[in-house]
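Each chain, letter by letter, is given below.
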Amino acid sequence: MIELPNGHRLEYVAASGALAFDGRGWWWEWPLRWCGLLDPSKFAIVIKTVTRRPRRGNLRWSRPWEVVRLLKGGVVNAIGLTNPGIAWWCRTVGTQVPKRSYRLIGSIYGESPEEIAEMASMLDTVPLVAVEVNCSCPNVGARAVSQTEAILAAMEGARQATQHPLIAKLSVAHDYCAIARGLQGKVSAIAINSVPWAMACQGAESPLAQFGGGGVSGRAAQLYTWRMLQELVDVTSIPVIGPSVWTYEDIGRLRRLGARAISFGSIFLRYPWRPTAYVRREQREHSCARMRG
Ligand SMILES: Cc1cc2nc3c(=O)[nH]c(=O)nc-3n(C[C@H](O)[C@H](O)[C@H](O)COP(=O)(O)O)c2cc1C
């Protein structure tokens, strides 16, 4: 469990991209929500990342499979941050947040520290649980804020621009231990992004090669994301959110590795009912154990 400075707690997180821009899920997830098999209230929900201006990215809604492919035990995606922009989000979703019972975490991606600070300040009046800064999308080009110094500057700018607690979303491709040391005392948590194809599937050709390979997530990424988690836990006291859950047992494994909250990402795409079932099961088991103890 992660206690945030604003009093909110993070225990189970729906990762960015899992439940759309507003926390209600993508249209194909709605029937599961209506019948209770997917319960968004169980999670602190990271919205799909928004950028300063609308971004076309690689996703075409008429042909989504062109940029998202299921793997054995995972997903590879090369969406490239397709989104309608933060102004749209603030207008259409941000204004609705006070009326909703879902707990939302903002997610922003910027081309420069200044842009990230500007976006963080745009979210300041929205009642969010926290703001996640996506420092690490594997599917965007070299202009990304991806070097250690730039990330530290961006997080510092965001910190000054918003009252919200901050989450830094990092990648295995970063010098993440150096970044974590630099962020000590400045962010409330670290989240872990998908793994660039070239790293996760060395030598094999990606089905999304024309988009640069894409990012691998889910069980197929555990070797990399869990090693990153362990190293971060060793070098920093910043709580780390554990990713890449695929089976119920993975939750216990992540906690033993030192994860302070559990994140569900691509499992929502493959098995959208499982995260809710896993949370319910763990809560049931904990309350039985408490009654016995
Ligand atoms: C289809 C899809 C879309 C995603 N979109 C975003 C995004 O917009 N912003 C972001 O920070 N991460 C995004 N991610 C990455 C996830 O939030 C998560 O960090 C990643 O999948 C690793 O976690 P997992 O192994 O539990 O899936 C996306 C992942 C997938 C599969």
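Residues numbered from 1 in each chain as written. Predicted model: local features only at pLDDT ≥ 70, side-chain atom pairs only at ≥ 80, totals over all residues.

Enquirer: What should I look at first to understand the pairing of strand β14 (residues 261-264) in this one?
Expert: The side chains of a regular strand alternate between both faces of the sheet. Residue alternation in β14 divides its side chains into two sets, Ala261 and Ser263 and Ile262 and Phe264, and both sets are buried. In terms of strand pairing, strand β3 (residues 12-14) meets β14 through three bridges, oriented parallel. Across the sheet, the residue bridging to alanine 14 is phenylalanine 264, located in β14. Where strand β13 (residues 241-242) meets β14, two bridges bridge the pair, whose relative direction is parallel. Paired with glycine 242 across the two strands is isoleucine 262, which belongs to β14. In this region the chain leaves β13, passes through helix α8 (residues 248-257) and returns to the parallel neighbour β14; the handedness of that crossover is right-handed. (Buried ≥ 20, exposed ≤ 12 C-beta atoms within 10 Å, placed from the backbone. Helix = DSSP H or I, 4+ residues; strand = E, 2+ residues; numbered from the N terminus. Pairing = 2+ DSSP bridges. Right-handed = clockwise from strand over helix to strand, strands pointing away.)

Enquirer: It is not clear to me how helix α3 (residues 113-122) should be interpreted in this structure. Could you clarify?
Expert: It helps to recall that an α-helix has 3.6 residues per turn; residues three or four apart then point in one direction. Along α3, the positions that sit buried rather than exposed are Ile116, Ala117, Met119, Ala120 and Met122. The inward-facing, buried residues of α3 contact α2 (86-92), β7 (103-108), β8 (130-134) and α4 (148-161). (Contact = placed C-beta atoms within 7 Å.)

Enquirer: Would you explain the pairing of strand β9 (residues 166-170) in this entry?
Expert: The buried fraction of β9 amounts to five of the five residues, a majority that puts the element mostly inside the structure. Every second residue of β9 is oriented toward a common face, with Leu166, Ala168 and Leu170 on one face and Ile167 and Lys169 on the other, all of them buried. In this sheet, β9 lies alongside β8 in parallel orientation, the contact comprising four bridges. By the bridge assignment, valine 131 is partnered in β9 with leucine 166. By the bridge criterion, four bridges tie β9 to strand β10 (residues 189-192) in an arrangement that is parallel. When the bridges of β10 are listed, isoleucine 167 appears paired with alanine 189. Between β9 and its parallel partner β10, the chain crosses via helix α5 (residues 176-183), and the hand of that crossover is right-handed.

Enquirer: Can you help me understand the sheet that holds strand β11 (residues 195-196) in this one?
Expert: Within a beta sheet, neighbouring strands are joined by backbone hydrogen bonds and run either parallel or antiparallel to one another. Pairing within the open sheet is antiparallel, and its four strands lie in the order β5-β6-β12-β11. With one partner strand each, in any of the chains shown, β5 (68-71) and β11 form the two edges of the open sheet. Note that β11 and strand β12 (residues 215-217) share two bridges and pair antiparallel. Considered in β12, the bridge of proline 196 is made with glycine 215.

What is shown is where atoms sit, not what they do.
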